[in-house]
Amino acid sequence: KAGVTQTPRYLIKTRGQQVTLSCSPISGHRSVSWYQQTPGQGLQFLFEYFSETQRNKGNFPGRFSGRQFSNSRSEMNVSTLELGDSALYLCASTGRIDREANTEAFFGQGTRLTVV
Amino acid sequence: AQTVTQSQPEMSVQEAETVTLSCTYDTSESDYYLFWYKQPPSRQMILVIRQEAYKQQNATENRFSVNFQKAAKSFSLKISDSQLGDAAMYFCAYGVGWGDMRFGAGTRLTVKP
């Protein structure tokens, strides 16, 4: 079974631009969560999608948005990039659909975003 | 608010020895999940072990075991017979629900041959 796939693996963008990251979950998984990992703030929850609907959201500005498609693939978008958005962005998928969906989460290898 | 604290930024262990990584958390919930994740240089987060708060028995996965003290809100990870492949960042995490996990700052484990 293929794991969680994130593309691209590396990305360099200029301040003010926007970026879209992609996450393909494990086949059959319908829940996808996104996390931001930085040296200063550590791992922080961005949002979670299930069946094309955002079910939960962390404490990030509106510049961070996401969506999920009918095949469960998810995209994350960051508009008007700032230097502080440089981070490793991780997504995780799970086959569980209840509140404890994160108890069996599988992570991708992440997308390393650098904003210059 | 749920917070997770890992007080050991770095730990070191001799190969084949045992090491314990510490984690404390704060929550007002009575039912929740706790996790230990490993992040090697490849960056992929790998689940090491998980514990349901309603279970009194400590979870065990091969060489990995936890000491879960619910009243003290403590959740330490013990790695027995340490191997070179265990070297990584280890994160303690608390499951809030609906895909939301709160992570500690991590402990970098070095394994010396």
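Let us look at the structure shown here. (Residues numbered from 1 in each chain as written. Chains lettered and ligands numbered in written order. Predicted model: local features only at pLDDT ≥ 70, side-chain atom pairs only at ≥ 80, totals over all residues. Heavy atoms only, no water.)

### Focus: the overall build of chain B
Thought 1: Secondary structure summary: chain B contains 0 helices and 12 strands in total.
Thought 2: Judged by the C-alpha coordinates and their principal axes, chain B covers about 40 × 25 × 20 Å.
Thought 3: Considering chain B as a whole, with its 113 residues, one finds that 50% of them fall into the buried category.
Thought 4: Partitioning the contacts of chain B with sequence separation of at least 6, the portion at a separation of at least 24 is 53%.
Thought 5: Summed over all atoms, the accessible surface of chain B reaches about 5400 Å², with 46% contributed by carbon and sulfur. (Helix = DSSP H or I, 4+ residues; strand = E, 2+ residues; numbered from the N terminus. Buried < 20%, exposed > 50% of the residue type's maximum accessible area, 1.4 Å probe, protein only. Contact = heavy atoms within 4.5 Å. Areas by Shrake-Rupley, 256 points an atom, 1.4 Å probe, with all protein chains shown as cover.)

### Topic: the environment of A:T111
Residues and elements named next belong to chain A.
Thought 1: With respect to the element layout, T111 can be found in strand 11 (residues 111-115).
Thought 2: Sequence spacing of T111 and T5 is 106 residues, and the spatial spacing of their C-alpha atoms is 9.9 Å.
Thought 3: Look past the residues within four positions of T111 in its chain and what remains in contact with it is Q6, T7, P8, R9, L21, A87, L88 and Y89.

### Focus on the interface of chain A and chain B
Thought 1: The interface is formed by 25 residues belonging to chain A together with 19 residues belonging to chain B.
Thought 2: Buried surface at the junction of chain A and chain B, summed over both partners, amounts to about 2100 Å²; 49% is from carbon and sulfur atoms.
Thought 3: Counting every contact that joins chain A to chain B gives 0 salt bridges.
Thought 4: At the level of elements, strand 4 (31-38), strand 5 (42-50), strand 6 (53-57) and strand 9 (87-94) of chain A are the ones that each hand at least two residues to the side of chain A that touches chain B.
Thought 5: Partitioning the side of chain A that touches chain B into residue classes produces 9 nonpolar, 8 polar and 8 charged. (Buried area = accessible area lost by both parts, 1.4 Å probe. Salt bridge = Lys/Arg side-chain N within 4 Å of Asp/Glu carboxyl O. Nonpolar A, V, L, I, M, F, W, Y, C, P; charged D, E, K, R; others polar.)

### Observations concerning the sheet that holds strand 3 (residues 19-24) of chain A
Residue and element names in this part refer to chain A.
Thought 1: Across the sheet, which stays open at both edges, the 4 strands sit in the order 1-3-8-7 with antiparallel pairing between neighbours. Of all strands in the sheet, those bounded by a partner on one side alone are strand 1 (5-7) and strand 7 (64-68). The average angle at which neighbouring strand axes cross in this sheet is 20 degrees, direction not considered.
Thought 2: Judged from the 5 bridges that link them, strand 3 and strand 8 (residues 74-78) form a sheet pairing that is antiparallel. Bridge pairing in strand 8 links C23 to S74. (Pairing = 2+ DSSP bridges. Axes fitted to C-alpha atoms, helices over the stretch in contact; angles between N-to-C directions.)

### Some words on the pattern of salt bridges
All names here are of chain B.
Thought 1: Summed over all chains, the structure comprises 9 salt bridges over all chains.
Thought 2: Note that K73 is salt-bridged to D26, the shortest N-O span being 3.7 Å. With K73 in the loop between strand 8 (64-69) and strand 9 (74-79) and D26 in strand 4 (residues 24-26), this residue pair connects regions lying 47 residues apart in the sequence.
Thought 3: The class for K73 is partly exposed, based on a relative accessible area of 26%.
Thought 4: Overall, D26 belongs to the partly exposed group, its relative accessible area being 37%.
Thought 5: Here D100 and R102 are joined by a salt bridge, their closest N and O atoms 2.8 Å apart.

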